[in-house]
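Structure assessment
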Amino acid sequence: MEFTPIEDLKTEVESMASAFFKSLPNLTIALAILVVTLIAGRVVRAIVSAAMTRAHVRDALITLARNLISIAAWIVGVAIAMTVIFPSVSPSDIIAGLGLTSVAIGFAFKDVFENFLAGVIILGREKLRIGDVIECEDVYGRVENILIRETHVRETDGELVIVPNSYLFKNPVNIETDRGLKRQELVVGVDYDTDMRQAKAVLQEALEACETVKQSETKDVQCVSFGGSSIDFKLLWWSGSRPAEQRETYDEVAFAVKDALDEAGITIPFPQSTLSFREESLPIPLRTMRDEKQASLNEDS
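Residues numbered from 1 in each chain as written. Predicted model: local features only at pLDDT ≥ 70, side-chain atom pairs only at ≥ 80, totals over all residues. Heavy atoms only, no water.

1. Notes on the pairing of strand S7 (residues 220-226)
Examined bridge by bridge, S7 and strand S8 (residues 231-240) share six bridges and lie antiparallel to one another. By the bridge assignment, cysteine 223 is partnered in S8 with phenylalanine 233. Between the end of S7 and the start of S8, which pair antiparallel, lie four residues. (Pairing = 2+ DSSP bridges. Helix = DSSP H or I, 4+ residues; strand = E, 2+ residues; numbered from the N terminus.)

If you want it as structure tokens, here you go:
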């Protein structure tokens with residue numbers, strides 16, 4: 001007995017409908033599992049988020065934890081639902097498939113995962129927070145945002161630099177605003193004829209008169225070297241650590257030092273050089289300008 005195409009199609013549809021109705025209970029259970037997964041994931045995320053907020057954890061790290069919980073919950077929920085819908089698929093098969101997939105993804109997106117893990121470590125650190133001024137190799141500016149894979153740094157000229165987190169993780173990072181204060185220094189040279197004790201006292205008074213200098217911290221004036229044309233003193237003081245505060249205090253101290261030295265009659269000398277000639281080392285003896293002029297007059301006469 002031969003079947004017509006219509007009868008074949010009818011038989012196939014009936015077979016599919018029969019299989020669907022047979023698997024309908026499994027589909028219902030799988031759907032219920034996904035709904036439970038959604039609810040459980042939200043509950044766990046809310047509990048973890050509240051606990052981390054009470055512990056004053058960074059917002060970016062809280063967001064990371066919420067995302068990781070959601071991903072883990074859905075992986076588990078989908079795996080369980082697949083075993084219910086397809087009884088022939090065992091949990092070991094799913095785990096093996098996830099393992100092979102993760103290895104392939106790991107090789108394909110090595111740099112992405114490297115930056116991701118570096119971002120997790122950076123977010124977990126106590127140091128390096130949003131608003132800090134940092135210097136890392138050629139990058140210098142204020143941290144505007146710390147994301148999972150990258151950090152946004154606003155440089156002092158206004159440009160935004162997007163730095164991979166692995167770059168900050170592998171290289172030394174200088175955090176200038178880790179403390180509210182930073183030590184500043186200024187080198188000033190005075191003439192060799194100046195009384196050193198007087199010069200030191202004048203510089204000390206000028207430093208103590210500046211408003212941007214933190215008077216509660218140590219302020220030092222020290223002689224550091226005998227230069228080629230001056231006696232050099234180094235002024236050391238503490239001020240605010242932000243770049244604007246550093247520029248402001250340097251400007252004020254420089255003006256105060258110059259005014260104080262001028263008022264005390266102390267000169268800041270220009271670079272000078274002294275040339276010495278030995279007569280015996282020259283093939284022709286040295287003669288003064290008067291001798292040369294006299295010789296010229298004798299020749300004319």
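Additional details are given in the paragraphs that follow.
2. Brief notes about the sheet that holds strand S6 (residues 181-190)
Spatially, the three strands line up as an open sheet ordered S6-S8-S7, and their pairing is antiparallel. Of all the strands in the sheet, just S6 and S7 have a single pairing partner and so form its edges. Strand-to-strand, the axes of this sheet are offset by a mean angle of 25 degrees, without reference to chain direction. Strands S6, S7 and S8 of the sheet are contacted by helix H6 (residues 196-208), whose axis makes an angle of about 20 degrees with S8. Lying on the sheet, helix H7 (residues 243-264) is in contact with S6 and S8; it crosses S6 at an angle near 30 degrees. (Axes fitted to C-alpha atoms, helices over the stretch in contact; angles between N-to-C directions. Contact = heavy atoms within 4.5 Å.)

3. Considering the packing of aromatic side chains
For the structure shown, the criterion picks out one aromatic pair. Measuring from centroid to centroid gives 6.3 Å for tyrosine 192 and phenylalanine 226, while their planes differ by 20 degrees, and the two rings are stacked. Residue tyrosine 192 is located in the loop between S6 and H6, and its partner phenylalanine 226 is located in strand S7; the two are separated by 34 residues in the primary sequence. (Phe/Tyr/Trp six-rings, centres within 6.5 Å; stacked < 30°, edge-to-face > 60°.)

4. What to know about the sheet that holds strand S4 (residues 160-164)
What holds strands together in a sheet is hydrogen bonding between their backbones, with the strands either parallel or antiparallel. Strand order in the open sheet made by the five strands is S4-S3-S2-S1-S5, with antiparallel pairing throughout. Looking along the sheet, the strands with just one partner apiece sit at the ends: S4 and strand S5 (174-175). Note: strand S3 (residues 150-155) against S4, five bridges, orientation antiparallel. Pairing of arginine 154 across the sheet is with leucine 160, part of S4.

5. Quick look at a nonpolar patch on the surface
Taken together, the side chains of Leu31, Val35, Leu38, Ile39, Val43, Ile47, Trp74, Val78 and Met82 define a hydrophobic patch exposed on the protein surface, amounting to about 780 Å² of accessible area. Top element by residues in the nonpolar patch is helix H1 (residues 5-54). It accounts for six residues. Take isoleucine 47: it is sitting in helix H1. (Patch = residues over 30% accessible without salt bridge, like charges linked within 9 Å, V, L, I, M, F, W, Y side chains within 5 Å. Areas by Shrake-Rupley, 256 points an atom, 1.4 Å probe, with all protein chains shown as cover. Salt bridge = Lys/Arg side-chain N within 4 Å of Asp/Glu carboxyl O.)

6. Structural notes on H7
With 22 residues, H7 extends 32 Å between its outermost C-alpha atoms, agreeing within 8% with the 32 Å of an ideal straight helix rising 1.5 Å per residue. Listed in full, the buried residues belonging to H7 are Pro243, Gln246, Thr249, Val253, Val257, Ala260 and Leu261. One side of H7 carries all its buried residues, which in axial view fall inside an arc of 130 degrees. Among the exposed residues of H7, those pointing more than 90 degrees away from its buried face are Arg247, Phe255 and Glu263. Next to the buried residues of H7 lie strand S1 (133-136), strand S2 (139-146), S6, H6 and S8. Remark: glycine 265 follows H7 within two positions and exhibits a positive phi of approximately 75 degrees. (Expected span 1.5 Å × (residues − 1). Buried < 20%, exposed > 50% of the residue type's maximum accessible area, 1.4 Å probe, protein only. Arc of directions from axis to C-beta.)

7. Some points on the side chain of serine 49
Mapped onto the fold, serine 49 is located in helix H1. Assessed through its relative accessible area of 15%, serine 49 is described here as buried. The contacts of serine 49, once residues within four sequence positions are left out, are Ile62 and Arg66.

8. Some details on the pattern of salt bridges
Tallied over the full model, the rule gives five salt bridges. The partner of glutamate 144 in a salt bridge is arginine 154, with the nearest N and O atoms 2.9 Å apart. Of the two residues, glutamate 144 sits in strand S2 while arginine 154 sits in strand S3, which places them 10 residues apart along the sequence. Classification of arginine 154 by relative accessible area gives partly exposed; the value is 29%.

9. Overview of the side chain of lysine 219
Tracing the sequence through the fold places lysine 219 in the loop between H6 and S7. Buried and without a salt bridge, lysine 219 has glutamate 208 as its closest oppositely charged side chain, separated by 5.0 Å. Polar contacts involving the side chain of lysine 219 include one to the main-chain carbonyl oxygen of glutamate 217, which spans 3.4 Å. Those residues within four positions of lysine 219 in sequence are excluded, and the remaining contacts are Gln204, Leu207, Glu208, Val213, Lys214, Leu236 and Trp237. (Lys, Arg positive; Asp, Glu negative; His and termini not counted. Polar contact = N/O pair within 3.5 Å; in protein donor to acceptor, adjacent residues only side chain to side chain.)

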